[in-house]
Amino acid sequence: MALRLWASSAANALKISSSGASRAAPAYSISRYFSTVLDGLKYSSSHEWVKNDGSVATIGITDHAQGHLGEVVFVELPDAGTKVSQGGAFGNVESVKATSDVNSPISGEVVEVNTKLTETPGLINSSPYEDGWMIKVKPSSPSEIDGLLDAAKYTKHCEEEDAH
């Protein structure tokens, strides 16, 4: 099933007809660079995603970002209780290519940290939107989430950025 979904998504991204069978639209889109962008999340132009679950927002780095970083070997994250500011660094990710700051797309207080990343930082590569989440934040300005990019705008942003 997963291979068929990937193949049909790849065919769609490449504008190739898939065997004429009708299929439901996936809950994500794939840019022509094959980075997964999930519908229903919000994105920052610095490649972090936010999943708003009411009073708590989950934050991580995008598939596009992890793809550019390469294999992640170390992650440094803040402690619960730390205040984060929109656009400010809250941690960093070290890969085989580089060390990069991770910026918070929203302001608030860290209420939970993904401790699995200490032992298995590669979860950011294998599952950036699920097991590779980084922090959960109680937003201090929930309206900041509305100002972030939706999936279509983020995909366009990535395509434009990669074209340069």
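Okay, so let's go over this structure. Note that the structure is a prediction, hence the values are computed from the model and not measured. (Residues numbered from 1 in each chain as written. Predicted model: local features only at pLDDT ≥ 70, side-chain atom pairs only at ≥ 80, totals over all residues. Heavy atoms only, no water.)

Read from one edge to the other, the open sheet built from three strands follows the order 6-8-9, with strand pairing classed as antiparallel. Two strands lie at the open edges of the sheet, namely strand 6 (72-76) and strand 9 (99-103), each paired on one side alone. Adjacent strand axes in the sheet meet at a mean angle of 25 degrees when their direction is disregarded. Pairing between strand 8 (residues 89-95) and strand 9: five bridges, direction antiparallel. Counted as the bridge partner of Gly91 is Val102 from strand 9. (Pairing = 2+ DSSP bridges. Helix = DSSP H or I, 4+ residues; strand = E, 2+ residues; numbered from the N terminus. Axes fitted to C-alpha atoms, helices over the stretch in contact; angles between N-to-C directions.)

A large share of strand 8 lies buried, amounting to five of its seven residues. Joining the antiparallel neighbours strand 8 and strand 9 is a turn of three residues. (Buried < 20%, exposed > 50% of the residue type's maximum accessible area, 1.4 Å probe, protein only.)

Here the focus is helix 6 (residues 151-163). With 13 residues, helix 6 ought to run about 18 Å at 1.5 Å a step, and its terminal C-alpha atoms sit 18 Å apart, in line with that. Listed in full, the buried residues belonging to helix 6 are Ala151, Tyr154, Thr155 and Cys158. The arc enclosing the buried residues of helix 6, seen along the axis, measures out at 100 degrees, which places them on a common side. More than 90 degrees from the buried face of helix 6, the exposed residues found are Ala152, Lys153, Lys156 and Ala163. The N-cap of helix 6, judged by a side-chain oxygen 3.2 Å from the amide nitrogen of Ala152 a few residues on, is Asp150. (Expected span 1.5 Å × (residues − 1). Arc of directions from axis to C-beta. Polar contact = N/O pair within 3.5 Å; in protein donor to acceptor, adjacent residues only side chain to side chain.)

Another aspect to go through is the nonpolar core. Residues Ile124 and Met134 are the most contacted members of the largest nonpolar core, which totals 22 residues. Mapped onto this core, the elements with two or more residues apiece are strand 5 (56-61), helix 2 (63-69), strand 6, strand 8, helix 4 (123-126) and strand 11 (135-139). When residues of this core are assigned to their parent elements, the largest contribution, three residues, is made by strand 5. One finds Val37, Trp49, Tyr129 and Cys158 within the second-largest nonpolar core, a separate group that totals nine residues. (Core = buried A, V, L, I, M, F, W, Y, C linked by side-chain atoms within 4.5 Å.)

What follows deals with the packing of aromatic side chains. Per the counting criterion, the structure on display carries two aromatic pairs. Note on Trp49 and Tyr129: the rings are 5.9 Å apart at their centroids and 55 degrees apart in plane angle, and the pair reads as tilted. Taken together, the residues Trp49 in strand 4 (residues 48-53) and Tyr129 in the loop between helix 4 and strand 11 connect sequence positions 80 residues apart. Just as Trp49 is buried, Tyr129 falls in that class too. Seen from the ring of Trp133, Lys136 lies directly overhead, with NZ or CZ sitting 4.9 Å from the centre. (Phe/Tyr/Trp six-rings, centres within 6.5 Å; stacked < 30°, edge-to-face > 60°. Lys NZ or Arg CZ within 6 Å of the ring centre and 35° of its normal.)

Once the charged atoms of two side chains with opposite charge are near each other, the side chains can pair. The final tally for this structure, using the stated rule, is two salt bridges. Ionic pairing is found between Lys83 and Glu109, a salt bridge with its closest N-O pair at 3.4 Å. Taken as a pair, Lys83 in strand 7 (residues 83-84) and Glu109 in strand 10 (residues 108-113) lie far apart in primary sequence, 26 residues in all. Under the relative-accessibility criterion, Lys83 is labelled exposed at 64%. In this structure, Lys156 and Glu160 form a salt bridge, with 3.9 Å as the shortest nitrogen-oxygen distance. Residue Lys156 and its partner Glu160 are located together in helix 6, separated by four residues, close to a single helical turn. (Salt bridge = Lys/Arg side-chain N within 4 Å of Asp/Glu carboxyl O.)

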